[in-house]
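Given next are the chains, with one letter for each unit.
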Amino acid sequence: MLNSVLEILAYNPKKPLLFTQLFFWGFFLIAFLIYSLIFNRQKLKIFYLFLISLFFYYKTGGIFLILLLFTIISDYTWAHLIHNSKFILTKKIYLSISIILNLSLLCFFKYSYFFVESYANITGAQITYHNHFAELSNNFFGTTYMLDKLIVPIGVSFFTFQSLSYTFDVFREKVKPLHSIIDYGFFVCFFPHLVAGPIVKAHEFIWQIHRPYELTKKHFGLAVFWILNGFTKKIVADYLAVNFIDRVFSSPNYYSGLEIIFAVFGYSLQIYMDFSGYTDMAIGIALLFGFELKTNFKSPYKATSTSEFWKRWHISLSSWLQEYLYIPLGGNRTGSIGSYIAIAVIFLFIALLSGKLWLLILLSSIVGSLIIIALFVKPIRQYINTNINLMVTMLLGGLWHGSSWLFIIWGGLNGIGLIVHKLWQKISPFKNHLNYFTKFLLILITLTFISFTRIFFRSADMTIVLEIFNRIKNNFGLDLFFEVIAGYKIVFLIMLLGYIIHWIPENIKEKYRFYFAKLNYVTMLLITVAVVFSAYQLMSGDMQPFIYFQF
């Protein structure tokens, strides 16, 4: 008995606490039953949710719970110092310390191996990377992490950005600092959104902490709907990945260009279902506990332009970057010192990735030349000023995902896509004549461009990317069309249904959501059992970790 309890409490890196695991729903059921006994005792319920959120992260991230606790204590302290300071200069100093600490820790845990490896490549020095957190975890938790490899803490980007939004918002006087560190800790690590979003901004969530608990039948029904919706998405995403997409991207030379094209569009559907599936479940689970999380996806493949796509995709990250990066850098009005510092950081990453210092010198020379030209040629100066922050934001968004050429290229291509759309808006003949056919055509063009950029996002390395383009160019295999369709008929049928459901008008989706929420509890239970049973028929072995856990 004792061993069973200890096994439940122990951290196992091979079994993170996924929303799709039976163990999680056992954890959730017990947590919610206890919550139902204390929901009217305000301080106790927040303390309880804080504790179970820490346990959730411990079961998911192990030793990195230390990092989460440090982030909470650090930014709680800096926020109070910012608020209590009487001088704007000292407020800025405290905010800067918070930013530097958070970004330094984020960079250390995501990029330290990359920097050590790059330095060794450039200088020829014999340096061995040593992961002290891995050693600590191996000693205390019996894990078997390799000590010369980087382990990225699960959800580190998400809780770092959430915590940073708090010190920013206190500085801007959008929120007052919380008196209790427990309240603040709960805001940062509330378990539904902790490891893969949606990213919660302080001014959008903190006001809910001491709001009286309310769970109407409508809220309950919508919560169940979002959980079922997200669960089904995740199961389907895994089925597509295991039975088709992963195979193509791991060995593209074994497939025709036609199959690769299907896989590329399939991956767009997979990553949407995987990521939005997690956030759908997070929204539903949070709603059961009485808290509202912002919508993170609004049918992004309905977008008729790249600009609209980024307003619909991963909204919490896009809006965070806009509010705390893009606008402070000057937005679309002008470049700033921060813009050029950010460009310098990006160029440093590019030089380190290449292992060539001459590349850094070349890039710096190009930028220096553009600056000089811009000083004397007004149209070029205006063009750079109105677009530099857009490109910086997208390139940093790429680096946010990891230290890889592929992520930088992916971010850069999306930046170019946004800039091209800005130019297109000025000359578009469809601006005031967007009929159904034109709209559908623009949707397909946007989806094709976004899917094309994801070749770089999904591929393991540049070799895979080159193999993909080579197969598309030289071995397309259009004559195999009917054989390919027949060979993957179930996969393609699911993909087709997925896109059709995605393109259903939003007003119709709202109707069936609210219809489900109004059902009696018995009918709701029967539908839930039927959906879960049907979804599990698509399972292929163990559930795959959510894609965005690694970021």
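This is a predicted model, so every value here is computed, not measured. (Residues numbered from 1 in each chain as written. Predicted model: local features only at pLDDT ≥ 70, side-chain atom pairs only at ≥ 80, totals over all residues. Heavy atoms only, no water.)

**Side note on the packing of helix 18 (residues 436–458) against helix 19 (residues 462–474)**
Two quantities define a packed helix pair, namely the angle between the axes and the distance from one axis to the other.
Point 1. Close contact between helix 18 and helix 19 brings their axes to 8 Å; oriented N to C, the two are set at 140°. One finds that helix 18 runs oblique with respect to helix 19. Counted together, Phe452, Ile455 and Phe456 of helix 18 and Val465, Ile468 and Phe469 of helix 19 form the full contact between these two elements.
Point 2. Classifying every residue of the contact of helix 18 with helix 19 by side-chain character gives six nonpolar, no polar and no charged. (Axes fitted to C-alpha atoms, helices over the stretch in contact; angles between N-to-C directions. Helix = DSSP H or I, 4+ residues; strand = E, 2+ residues; numbered from the N terminus. Parallel < 35°, antiparallel > 145°, perpendicular 65-115°, else oblique. Contact = heavy atoms within 4.5 Å. Nonpolar A, V, L, I, M, F, W, Y, C, P; charged D, E, K, R; others polar.)

**Focus on the packing of aromatic side chains**
Point 1. In the structure shown here, the tally under the stated rule is 69 aromatic pairs.
Point 2. Summarising the aromatic geometry, the rings of Phe55 and Tyr58 are spaced 6.4 Å apart at their centres and angled 45° between planes, so their arrangement reads as tilted. One end of the pair is Phe55 and the other is Tyr58, both in helix 3 (residues 42–61) and three residues apart, which spans about a single turn.
Point 3. You can call Tyr58 buried: its relative accessible area is 16%.
Point 4. Consider the rings of Phe186 and Phe291, whose centres lie 5.1 Å apart with planes at 55°: the pair is tilted. Of this pair, Phe186 sits in helix 8 (residues 181–189) while Phe291 sits in the loop between helix 11 (257–288) and helix 12 (306–312), placing them 105 residues apart in sequence.
Point 5. Between the NZ or CZ atom of Lys217 and the centre of the ring of Tyr521, over which it lies, the distance is 5.3 Å. (Phe/Tyr/Trp six-rings, centres within 6.5 Å; stacked < 30°, edge-to-face > 60°. Buried < 20%, exposed > 50% of the residue type's maximum accessible area, 1.4 Å probe, protein only. Lys NZ or Arg CZ within 6 Å of the ring centre and 35° of its normal.)

**Comments concerning unusual backbone geometry**
Point 1. For Ser299, which is not a glycine, the phi torsion comes out positive at approximately 40°.
Point 2. Structurally, Ser299 can be placed in the loop between helix 11 and helix 12.
Point 3. By relative accessible area, which is 5% here, Ser299 ends up buried.
Point 4. Look at His314: it is not a glycine, yet its phi comes out positive at around 40°.

**Overview of the pattern of salt bridges**
Point 1. Scanning all chains against the criterion turns up eleven salt bridges.
Point 2. Glu323 is the partner of Arg172 in a salt bridge, and the nearest nitrogen-oxygen pair spans 3.9 Å. Residue Arg172 is found in the loop between helix 7 (156–171) and helix 8, and its partner Glu323 is found in helix 13 (residues 315–326); the two are separated by 151 residues along the sequence.
Point 3. Looking at Arg172, the relative accessible area reads 32%, which means it is partly exposed.
Point 4. You can call Glu323 buried: its relative accessible area is 14%. (Salt bridge = Lys/Arg side-chain N within 4 Å of Asp/Glu carboxyl O.)

**Regarding the environment of Leu68**
Point 1. As for its placement among the helices and strands, Leu68 is situated in helix 4 (residues 65–84).
Point 2. Residues Leu68 and Thr160, spaced 92 residues apart in sequence, show a C-alpha to C-alpha distance of 8.5 Å.

**Re the side chain of Lys509**
Point 1. Assignment of secondary structure puts Lys509 in helix 22 (residues 506–518).
Point 2. The side chain of Lys509 sits in the buried core without any salt bridge; Glu506 is the nearest counter-charge, 4.8 Å away.
Point 3. For Lys509, the side chain forms a polar contact with the main-chain oxygen of His502, separated by 3.1 Å.
Point 4. Excluding residues that lie within four positions of it along the chain, Lys509 makes contacts with Ser299, Lys302, Ile501, His502 and Ile504. (Lys, Arg positive; Asp, Glu negative; His and termini not counted. Polar contact = N/O pair within 3.5 Å; in protein donor to acceptor, adjacent residues only side chain to side chain.)

**Topic: the environment of Ala535**
Point 1. Along the polypeptide, Ala535 turns up in helix 23 (residues 521–536).
Point 2. Residue classification places Ala535 among the buried residues on the basis of a relative accessible area of 5%.
Point 3. Sequence separation between Ala535 and Thr232 is 303 residues; the distance between their C-alpha atoms is 5.9 Å.
Point 4. Residue contacts for Ala535: discarding those within four places in its chain leaves Phe231 and Ile235.

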